[in-house]
There are 2 protein chains.
Amino acid sequence: MKKYNFNAGPSVLPQETIANTVNAITNFAGSGLSLMEISHRSKDFQAVMDEAVALFKELLNIPDGYSVLFLGGGASLQFCMLPFNLLEKKAAYLNTGTWASKALKEAKLFGEVVEVASSKAANFTYIPKDYVIPADADYFHITTNNTIFGTEIHKDLDSPVPLVADMSSDIFSRPVDVSKYGLIYGGAQKNLAPAGVTFVVVKDELLGKVSRPIPTMLDYRTHIKDGSMFNTPPVVSIYAALQTLKWIKNWAEWKPYTN
Amino acid sequence: MKKYNFNAGPSVLPQETIANTVNAITNFAGSGLSLMEISHRSKDFQAVMDEAVALFKELLNIPDGYSVLFLGGGASLQFCMLPFNLLEKKAAYLNTGTWASKALKEAKLFGEVVEVASSKAANFTYIPKDYVIPADADYFHITTNNTIFGTEIHKDLDSPVPLVADMSSDIFSRPVDVSKYGLIYGGAQKNLAPAGVTFVVVKDELLGKVSRPIPTMLDYRTHIKDGSMFNTPPVVSIYAALQTLKWIKNWAEWKPYTN
């Protein structure tokens, strides 16, 4: 009998993702080499990266003007990479749980942070409503699914400033109107692939506006310019993510967002 | 016939590493779950992490007072993480190639950088000697193996300040006197595991001395405190690294450094 993991953290992946990844680690694209050994600059791996980006865009119906990145370091690294790139003076955060609190904490190193609302006093048992997003914030950050506490933001919010969302644990669980977001990010290990890769969907025009210098690896523009290949990408996790994306595409019930 | 990859970038791994990783992705530790799905907080994965750290220490004969970390983001992320943690006023760099130049460039965002010597004018065809390391530098950075140019620092240098080495492509190719280093780091994808994990060996007493605030994920102390499990680690790459470490241990010719 197939066993399932209902633990916190990494979760079940499609059987196809596991089987196809095993096959590629044994013999990648008929090369006689393992996926773990091949050059990420090889034509065959470039095709994997290109297809993963294309399918991500297709399945989420991502509009023009957005880039899709696959990065290392985990969503926790995004907690600081995000304000490094986007926070010039002030950012707004909705505090709905452990991950939202951690994201908010990192932003404070980079500028003023306004906690627009928090459900902490009620042990994060609800998603606050009726808060005001400062119109002069550089962005407004939400965590769409709050593991540990079990609350979720089920719809795409309206925001007067660029909306940034951590969708680590609910990406591809519903259609998303990406045009309402400035940036969406998440660790892959819940819904896409083994831990080790983080997806970032970013509206290009938001970048390059902060005055601080940004270390090369923490600058989204580095990874956009080099198609997530500035340095050696986490090839196994990206290959596995592609298999899950193909599985979603073949899933009759998946419908991208449409207006 | 087994095929070998002599390309730049990721390279050949032991057959045992590939076979054992395939087995674990199919059924991890008899759990009926894939290595790609299990909780990194599970007892069985904790045992993988513990054994990888213990073997790393054993095979390099690492003295007390050093921590061994397995992090995401690649060695390129270390180019900025390193000065974030260690550069208060001034750092010294030996410029011996592409990677050394990239490391040096990132350090400049954090303080004064002294290039003690460079072989750039001769297209990095040699390792400079007869340079002076400033006695007031916070650390002295070297790249022990210069891929692309084919030069290598074959011995453990003497330095009046903490010696920091990028050993991405020659770790475990010779015994190393770790006591001569303050920090050693490297991407795993040359000699250890598939891309996606970076090893860091750091002398604990060097940390906590800079005055700047450090984002949580970029602070080595975060990862020391949580045993490389502050966030979800790249489980597949770490599992594969452990298999290679076991393979090295069984390799009769491997001898750790001894005084």
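Since the model is a prediction, treat every value here as computed from it, not as a measurement.

**Description of the overall build of chain A**
Here comes step 1: Secondary structure assignment for chain A yields six helices and nine strands.
Here comes step 2: The dimensions of chain A, computed from C-alpha atoms along their principal axes, are 55 × 45 × 35 Å.
Here comes step 3: In chain A, which comprises 259 residues, the proportion classed as buried is 49%.
Here comes step 4: Taking the contacts inside chain A whose residues are at least 6 apart along the sequence as the reference set, 60% of them involve residues at least 24 apart.

**Side note on unusual backbone geometry**
Here comes step 1: Here the phi dihedral of Phe-172 of chain A falls at roughly 65 degrees; this positive angle occurs in a residue that is not glycine.
Here comes step 2: Note that Phe-172 of chain A resides in the loop between β7 (163-166) and β8 (183-187).
Here comes step 3: Backbone geometry at Asp-130 of chain B places phi at a positive 55 degrees, although glycine is not the residue there.
Here comes step 4: With respect to the helices and strands, the residue Asp-130 of chain B is situated in the loop between β3 (112-118) and β4 (140-143).

**Some words on the relation of the copies chain A and chain B**
Here comes step 1: Each copy of the sequence occupies a distinct position, and chain A is placed on chain B by a rotation of 180 degrees and an axial shift of 0.0 Å, giving an RMSD of 0.0 Å. In the structure described here, the two chain copies are related by an operation that fits a two-fold rotation axis. Across chain A, the smallest distance between a C-alpha and the rotation axis is recorded for Gly-73 of chain A, namely 2.2 Å.
Here comes step 2: A high fraction, 100%, of the interface residues of chain A reappear at the interface in chain B, so the copies pair face to face through one surface.

**Section: the interface of chain A and chain B**
Here comes step 1: Taken together, the 51 residues of chain A in the interface contact 51 residues of chain B.
Here comes step 2: At the level of elements, α1 (15-26), α3 (75-86) and α6 (235-249) of chain A are the ones that each hand at least two residues to the side of chain A that touches chain B.
Here comes step 3: Taken together, the residues of the side of chain A that touches chain B sort by class into 26 nonpolar, 21 polar and four charged.

**Some remarks on the pairing of strand β1 (residues 66-71) of chain B**
Residues and elements named next belong to chain B.
Here comes step 1: Of all the six residues making up β1, six are buried; the element is thus mostly covered by neighbouring parts of the structure.
Here comes step 2: With burial as the criterion, each face of β1 is covered, one bearing Tyr-66, Val-68 and Phe-70 and the other bearing Ser-67, Leu-69 and Leu-71.
Here comes step 3: Summarising the sheet, β1 and strand β9 (residues 198-203) pair through six bridges and their orientation is antiparallel. Within β9, the position partnered with Val-68 by the bridge is Val-201.

**Digging into the packing of α1 of chain A against α6 of chain A**
All names here are of chain A.
Here comes step 1: One can describe the packing of α1 onto α6 by two numbers: an axis separation of 9 Å at closest approach and a directional angle of 140 degrees. Between α1 and α6, the interaxial angle falls into the category oblique. Once α1 is placed against α6, the crossing between them reads as right-handed. Every residue of α6 that contacts α1 at Glu-16, Thr-17, Asn-20, Thr-21 and Ala-24 is listed here: Val-236, Tyr-239, Ala-240, Gln-243, Thr-244 and Trp-247.
Here comes step 2: Looking at the contact of α1 with α6, its residues break down into five nonpolar, five polar and one charged.

**Side note on the nonpolar core**
Here comes step 1: Counting 154 residues, the largest nonpolar core has Val-201 and Ala-241 of chain A together with Val-201 and Ala-241 of chain B as the members making the most contacts within it.
Here comes step 2: Ignoring sequence-local partners within four residues, the contact set of Ala-241 of chain B consists of Ala-52, Ala-188, Leu-192, Ala-193 and Val-197 of chain B.

**Section: the pairing of strand β3 (residues 112-118) of chain A**
Residues and elements named next belong to chain A.
Here comes step 1: Bridge count between strand β2 (residues 90-95) and β3: six bridges; the pairing is parallel. For Tyr-93, the partnering residue across the bridge sits in β3 and is Glu-115.
Here comes step 2: Running through helix α4 (residues 98-107), the crossover from β2 to the neighbouring parallel element β3 is right-handed.

**As for the sheet that holds β8 of chain A**
Residues and elements named next belong to chain A.
Here comes step 1: Across the sheet, seven strands lie side by side as β1-β9-β8-β7-β4-β2-β3; this open sheet has mixed pairing. For this open sheet the edge positions go to β1 (66-71) and β3, each flanked by a neighbour on one side alone. Strand after strand, the sheet turns through a mean of 15 degrees between neighbouring axes, direction not considered.
Here comes step 2: Taken together, the five bridges between β8 and strand β9 (residues 198-203) define a ladder with antiparallel strand orientation. Each residue of the ladder has a partner; that of Leu-183, found in β9, is Val-202.

**Let's talk about the packing of helix α2 (residues 43-59) of chain B against helix α6 (residues 235-249) of chain B**
Residue and element names in this part refer to chain B.
Here comes step 1: For the pair α2 and α6, interaxial distance at closest approach is 9 Å and the crossing angle is 40 degrees. Judged by the angle between their axes, α2 and α6 are oblique. Relative to α6, the crossing made by α2 is left-handed. Seen from α2, the contacting residues are Phe-45, Val-48, Met-49, Glu-51, Ala-52, Leu-55, Phe-56 and Leu-59; seen from α6, they are Val-235, Ile-238, Tyr-239, Ala-241, Leu-242, Leu-245, Lys-246, Ile-248 and Lys-249.
Here comes step 2: Of the residues belonging to the contact of α2 with α6, the class tally is 14 nonpolar, no polar and three charged.

**Quick word on the environment of Lys-3 of chain A**
Here comes step 1: Tracing the chain through its elements places Lys-3 of chain A in the segment before α1.
Here comes step 2: Lys-3 of chain A has contacts with Gly-32 and Leu-33 of chain B, leaving out every residue within four places of it along the chain.

What counts and what doesn't
- Residues numbered from 1 in each chain as written.
- Chains lettered and ligands numbered in written order.
- Predicted model: local features only at pLDDT ≥ 70, side-chain atom pairs only at ≥ 80, totals over all residues.
- Helix = DSSP H or I, 4+ residues; strand = E, 2+ residues; numbered from the N terminus.
- Buried ≥ 20, exposed ≤ 12 C-beta atoms within 10 Å, placed from the backbone.
- Contact = placed C-beta atoms within 7 Å.
- Least-squares fit on C-alpha atoms with pLDDT ≥ 70 in both.
- Nonpolar A, V, L, I, M, F, W, Y, C, P; charged D, E, K, R; others polar.
- Pairing = 2+ DSSP bridges.
- Axes fitted to C-alpha atoms, helices over the stretch in contact; angles between N-to-C directions.
- Parallel < 35°, antiparallel > 145°, perpendicular 65-115°, else oblique.
- Left-handed = near helix turned anticlockwise from the far one by under 90°.
- Core = buried A, V, L, I, M, F, W, Y, C linked by C-beta atoms within 7 Å.
- Right-handed = clockwise from strand over helix to strand, strands pointing away.

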